[in-house]
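Here's the letter readout for the chains.
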Amino acid sequence: MTQFTVHSTLDAIFDLTVGALMASGANRENAEAVAEVVWKAERDGCLSHGIFRVPGYCDALKANAVNGSAAPKVIDQAPGIVRVDAENGLAPLAMKIGRPALIEKAKSQGIATLGIANSAHFAALWPDVEPLADAGLVAMNFVNSRAFVAAAGGKRAVFGTNPMAFAVPRPGKPPMVFDQASSASARGEIMLAARDGHTVPEGLGLGPDGQPTTDPAAILKGVQLPFGGYKGGAIAMMVEILAACVTGADTSLEGEAAYTGHGGPSAAGNLVIAIDPSKFGNDRFLERVETMFESMLADEGVRLPGDRRLVNRKQTPESGVHTDKALYDKVVAIRDGG
Ligand code: NDP
């Protein structure tokens, strides 16, 4: 199948995203916070969470399924806990507004937690935690969404794709940051395969008849599976408990019940834990991590998670961004009032 693409710069993608979001009802602050994560995803070659997501954001905004004027409220809940009520807005602004207090608490106490409730998280998770590692913290992040994924052994969706991210600072280098769904694949990857007419590998999901399938369209109507059988199922469950039950946000099942048919998750939760390793009375943290990475990388075939993104990060500002033409035209039409 011939695929036509449009070549543009990262900054053009940022401006287009802001324009489309504002035309759909977001205020500038919310639109720019989302466009920053779209910009980062395109820069790092994470196409399933770049401009590909913008029509979904816009659809949710136009249908008032998310609040485009949300002004997230930061609550100093306890010495080690920052809480943010995202006011049913898009997660990037809530994260941006809550992060400084999390860093300050983690640095003063050694560990702190940020809990965000009532947020719609459609994005990749690594941009949430990378700034924490840039500030010298080890960080992890857990997010729930709408129910798309069965428990291990089941055929009924109970969990979101429930991603998690981890970040570790490195001396003189970008931090090691990785993120992954607790489903066998991110939903965005299945959506891309359905759009492009590809099959997906076995083991990602079941069709509406409860049978295993490699047809992405059938999985989108059926149910996704956790990665790694019961081990991934247990992780999905725990992400749900941390992101939704601890923060007081909607569980993925509650999010599904409230779904209006527009956009992605809403009123879901997000739990970020940040640790200052320098507070553990061990001044060799960075050195020990580097020694461990060196041992791993000495084995041929091993790479650090996140390295693919860092390679793209160097190349994209030179090479620019290539966007599927139908997608690009759709976002332009939204920006122009379509
Ligand atoms: P992938 O399986 O594509 O990648 C998971 C991680 O593994 C990445 O950090 C990747 O690094 C790393 N990795 C991949 N191959 C290797 C390898 N050979 N050796 C070492 N590390 C490797 O991620 P998913 O499909 O699970 O998720 C894709 C995206 O979707 C994520 O950004 C996630 O945050 C997002 N997501 C968001 C959701 C939401 O509700 N907002 C829900 C679910 C997922 P690298 O990037 O360098 O390849």
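The coordinates are above.
First things first, this report covers the structure right here in the doc. (Residues numbered from 1 in each chain as written. Predicted model: local features only at pLDDT ≥ 70, side-chain atom pairs only at ≥ 80, totals over all residues. Heavy atoms only, no water.)

Some points on empty space enclosed by the protein
Part 1 of the reasoning: All chains considered together, the criterion is met by one cavity of 30 Å³ or more.
Part 2 of the reasoning: Broken down by secondary-structure element, the contributors of at least two residues to the lining of the largest cavity are β9 (173-180) and α11 (307-319).
Part 3 of the reasoning: Among the residues forming the lining of the largest cavity, the class breakdown is five nonpolar, one polar and three charged. (1 Å grid on protein atoms, 1.4 Å probe; cavity = no way out; pocket = protein on both sides within 12 Å on 5 of 7 lines; lining within 4 Å. Points joined across faces, edges and corners; volume = space filled by probe spheres on them. Helix = DSSP H or I, 4+ residues; strand = E, 2+ residues; numbered from the N terminus. Nonpolar A, V, L, I, M, F, W, Y, C, P; charged D, E, K, R; others polar.)

Here we look at the site of the ligand
Part 1 of the reasoning: Around the ligand, the surrounding shell holds 19 residues, and the nearest of these are His 49, Ala 123, Asp 179, Ala 181 and Arg 303.
Part 2 of the reasoning: One of the side-chain nitrogen or oxygen atoms of His 121 is found 3.1 Å away from a nitrogen atom of the ligand.
Part 3 of the reasoning: Protein burial of the ligand: of its 930 Å² of free accessible surface, 74% is covered by the chains.
Part 4 of the reasoning: When each cavity is represented as a set of grid points, the ligand is found to reside in the largest pocket.
Part 5 of the reasoning: Class assignment of the residues belonging to the shell around the ligand gives a composition of nine nonpolar, five polar and five charged. (Near = heavy atom within 4 Å. Polar contact = N/O pair within 3.5 Å; in protein donor to acceptor, adjacent residues only side chain to side chain. Areas by Shrake-Rupley, 256 points an atom, 1.4 Å probe, with all protein chains shown as cover. Sits in = over half its atoms within 2 Å of the grid points.)

Section: unusual backbone geometry
Part 1 of the reasoning: Its identity as a non-glycine residue notwithstanding, Asn 64 has a phi of 55°, on the positive side.
Part 2 of the reasoning: Looking at the secondary structure, you find Asn 64 in the loop between α3 (54-62) and β2 (73-78).
Part 3 of the reasoning: Residue Asn 64 is classed as exposed on the basis of its relative accessible area, which comes to 65%.
Part 4 of the reasoning: You will see that Glu 87, though not glycine, has its phi angle at about 55°, which is positive.
Part 5 of the reasoning: Among the secondary structure elements, Glu 87 is positioned in strand β3 (residues 81-90). (Buried < 20%, exposed > 50% of the residue type's maximum accessible area, 1.4 Å probe, protein only.)

Section: a nonpolar patch on the surface
Part 1 of the reasoning: A cluster of nonpolar side chains, Met 237, Met 238, Ile 241 and Val 246, forms an exposed patch at the surface whose accessible area comes to about 330 Å².
Part 2 of the reasoning: By the element assignment, Met 237 lies in helix α8 (residues 229-246). (Patch = residues over 30% accessible without salt bridge, like charges linked within 9 Å, V, L, I, M, F, W, Y side chains within 5 Å. Salt bridge = Lys/Arg side-chain N within 4 Å of Asp/Glu carboxyl O.)

Comments concerning the nonpolar core
Part 1 of the reasoning: Among the nonpolar cores identified, the biggest contains 33 residues, and Leu 21, Val 38, Ile 51, Val 54, Tyr 57, Leu 90 and Val 331 are the most heavily contacted of them.
Part 2 of the reasoning: Secondary structure elements with two or more residues in this core: α1 (10-23), α2 (28-43), α3 and α12 (325-335).
Part 3 of the reasoning: Examining the composition of this core, we find that six residues originate from one element, α1, more than from any other.
Part 4 of the reasoning: With residues up to four places along the chain from it excluded, the contact list for Val 54 reads Thr 17, Ala 20, Val 38 and Val 331.
Part 5 of the reasoning: Counting 27 residues, the second largest nonpolar core, distinct from the first, contains Leu 102, Ile 116, Trp 126 and Val 129. (Core = buried A, V, L, I, M, F, W, Y, C linked by side-chain atoms within 4.5 Å. Contact = heavy atoms within 4.5 Å.)

What to know about the layout of surface pockets
Part 1 of the reasoning: Here the largest pocket is characterised by a volume of approximately 1200 Å³.
Part 2 of the reasoning: Taken together, 48 residues make up the lining of the largest pocket; nearest its centre are Ser 48, His 49, Arg 53, Ala 186 and Gly 188.
Part 3 of the reasoning: Contributing elements (two or more residues each) for the lining of the largest pocket: α3, β9, α6 (187-196), α11 and α12.
Part 4 of the reasoning: Of the residues that constitute the lining of the largest pocket, the class distribution is 22 nonpolar, 14 polar and twelve charged.

Some points on the pattern of salt bridges
If charged atoms from side chains of opposite charge come close, those side chains can pair.
Part 1 of the reasoning: The tally for this structure, following the rule as stated, stands at 16 salt bridges.
Part 2 of the reasoning: The shortest N-O distance in the salt bridge between Glu 287 and Arg 284 comes to 3.4 Å.
Part 3 of the reasoning: In this structure Glu 287 comes out as partly exposed when scored by relative accessible area, which is 46%.
Part 4 of the reasoning: One salt-bridge network, held together by shared partners, links Arg 43, Asp 44, Glu 130, Arg 309 and Arg 313.

Let's talk about the sheet that holds β9
Part 1 of the reasoning: Strand order in the open sheet made by the seven strands is β2-β3-β4-β12-β5-β8-β9, with mixed pairing throughout. Edge positions in the sheet fall to β2 and β9, since each of these pairs with one other strand and no more. Shown here is a sheet whose adjacent strand axes are inclined to one another by a mean of 15°, direction ignored.
Part 2 of the reasoning: Across the sheet, helix α10 (residues 285-297) lies against β5 (138-143), β8 (164-170) and β9, angled at about 110° from β8, the strand it touches most. (Pairing = 2+ DSSP bridges. Axes fitted to C-alpha atoms, helices over the stretch in contact; angles between N-to-C directions.)

Scope: geometric values only; no functional claims are made or implied.
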